[in-house]
Amino acid sequence: TKLPAFHQRLPAVHSVGKVPLGIKRKGLRIVVTGGAGFVGSHLVDRLIARGDSVIVVDNFFTGRKENVMHHFGNPRFELIRHDVVEPLLLEVDQIYHLACPASPVHYKFNPVKTIISCFLFLIVGARFLLTSTSEVYGDPLQHPQKETYWGNVNPIAQCMGLGLHLALGPARVTFVLDSELSETLPAVAGCILHRTPSVCFLFQTATFFSSNNLKDTWNSTTGPRLGIPGYRQRGNGKENGVRSCYDEGKRTAETLTMDYHRGAGVEVRIARIFNTYGPRMCLDDGRVVSNFVAQALRKEPLTVYGDGKQTRSFQYVSDLVEGLMRLMEGEHVGPFNLGNPGEFTMLELAKVVQETIDPDARIEYRPNTEDDPHKRKPDIGRAKELLGWEPKVDLRKGLPLMVSDFRQRIFGDHKESAS
Ligand code: NAD
Ligand code: UDP
């Protein structure tokens, strides 16, 4: 395939080609990045069951081999330990890009890396599905959220001056590359400068430097060395914008996905996933459903953050997988909201967990995290109409399925559940 010039400069994480016409094969060849994680492993099960050949690419940051171990030995299954920020050449028909830590605890761990995991890819020929997120709506001012809503994300570009400064040219960035900034920064700065379409340049630069640890490093080292005064700080100056590595990473991923589509004719699909739960979630990943279920089973108090009146809409994983596959196979690019419109406050969720596991489970209030969205509920009209999709499993039906998996993993003979 002849690539447009700007593509040749992009980082080749996945460079792939379709099966040439005339060659018949049974099933498709499909890459699932992040396929050893919670959602990815359920998707892999469905694809293998359908008769496809699946290559899972995962660095096991939050995923586990146990989630896909039941496919070992199947000639239609391959597992590659690989970090998607590094190049990898594969020939496949479809790519589901799920690799990215999804729990706030995990994605805040290395914010810069979270951003690049969201959007680094080069696709040639294969159909690419991006798993974006309801977080692109931020703390939404529209309720429920439609795909047409542009969102209310807090990017806190605390160093807009630096963003502009970097934009002046590669020579300036060399200073940053030489600085004591985190290991991943050079990769990020490099790819901003040389590889990503310029339309994302300023926006991304500002976002990268909004991270607080980078800000500290900047204030103490790089800034003074370059003779540039500190930040023009926005907002209330509190530690905030901490979710932006994820939110803005996914927003940028959507932008790039559409740029590949519009600029190079790549077949793409975009899913905006709302809070999803089910078996194989990490036991202690900090997300509310996994926290409450594990806490109730361990006879610990359920930790409700803030006043517990914030809402989320919880989707069972099998519904999500069905939606992702319909989206991939369908004719529409999206974005599509994939979520269950059943909306619960955290206190209501705690009540369902009490009813399902332990009516005596206590509730313990904890301070909420910064920038926590107050409410979230998908409008799924578009997915209903164009994909013929809607969720089937409500919270009271789905939760017990997850509980039996958690029970087995917490109390079982250390054998991880794969069902
Ligand atoms: P998860 O953390 O269980 O799975 C992510 C997987 O990606 C893990 O196996 C992890 O090891 C792998 N991974 C992370 N960084 C990687 C890297 N740099 N290279 C290779 N592998 C890497 O999360 P999940 O809940 O299964 O989420 C899957 C996708 O769906 C994510 O992209 C997430 O943003 C998106 N999503 C999930 C939810 C949800 O509620 N579960 C909601 C919105 C969006
Ligand atoms: N939350 C909570 N107790 C917990 C973990 C989370 O009350 O032990 C709250 C959190 O403040 C947020 C909601 O639950 O309002 C959903 O958090 P989660 O991390 O699961 O998902 P996200 O915030 O990414 O939607």
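Fair warning: this is a prediction, and the values are worked out from it, not measured in the lab.

A. Region of interest: the site of ligand 2. Around ligand 2 sit 14 residues, and of these Arg 287, Val 288, Asn 291, Thr 303 and Tyr 305 come closest. For the shell around ligand 2, the element with the highest residue contribution is strand β8 (residues 302–305), accounting for three residues. Partitioned by chemical class, the residues of the shell around ligand 2 number five nonpolar, six polar and three charged.

B. Fine view of the sheet that holds strand β2 (residues 53–58). Spatially, the seven strands line up as an open sheet ordered β3-β2-β1-β4-β5-β6-β11, and their pairing is parallel. Looking at which strands have only one partner, the edges of the open sheet turn out to be β3 (77–81) and β11 (336–338). Neighbouring strand axes in the sheet, compared pairwise and without regard to direction, differ in orientation by 20° on average. The pairing of strand β4 (residues 94–97) with strand β5 (residues 127–133) spans four bridges and is parallel. Within β5, the residue paired with His 97 across the bridge is Leu 130. Each of β5 and β6 (268–273) is contacted by helix α10 (residues 244–264), which is oriented at about 155° to β5, the strand it contacts most. Of the strands in this sheet, β4, β5, β6 and β11 are in contact with helix α12 (residues 317–329), which crosses β6 at around 160°.

C. Fine view of the site of ligand 1. Residues in close proximity to ligand 1 total 27 residues, the closest being Gly 34, Gly 37, Val 39, Thr 62 and Gly 63. Elements that contribute at least two residues to the shell around ligand 1 include exactly α2 (38–50) and β5. Tallied by class, residues from the shell around ligand 1 come to 13 nonpolar, 12 polar and two charged.

D. Representation of the UniProt feature "domain: NAD(P)-binding" (unreviewed entry) in the protein within the structure. What UniProt calls "domain: NAD(P)-binding" (unreviewed entry) maps, in this numbering, to residues 32–148 and 243–400. Along residues 243–400 the backbone is 43% helical and 17% strand, and the end-to-end C-alpha distance reaches 30 Å.

E. Layout of the environment of Ile 410. As for its placement among the helices and strands, Ile 410 is situated in helix α15 (residues 395–411). A C-alpha to C-alpha distance of 31 Å links Ile 410 and Val 242, two positions 168 residues apart in sequence. Sequence-distant contacts of Ile 410, that is, excluding residues within four places in its chain, are made with Leu 283, Ala 294, Leu 297 and Arg 298.

Quick notes on the rules
- Residues numbered from 1 in each chain as written.
- Chains lettered and ligands numbered in written order.
- Predicted model: local features only at pLDDT ≥ 70, side-chain atom pairs only at ≥ 80, totals over all residues.
- Near = placed C-beta within 6 Å.
- Helix = DSSP H or I, 4+ residues; strand = E, 2+ residues; numbered from the N terminus.
- Nonpolar A, V, L, I, M, F, W, Y, C, P; charged D, E, K, R; others polar.
- Pairing = 2+ DSSP bridges.
- Axes fitted to C-alpha atoms, helices over the stretch in contact; angles between N-to-C directions.
- Contact = placed C-beta atoms within 7 Å.
- UniProt positions renumbered as here; feature names shortened; annotations may be inferred.

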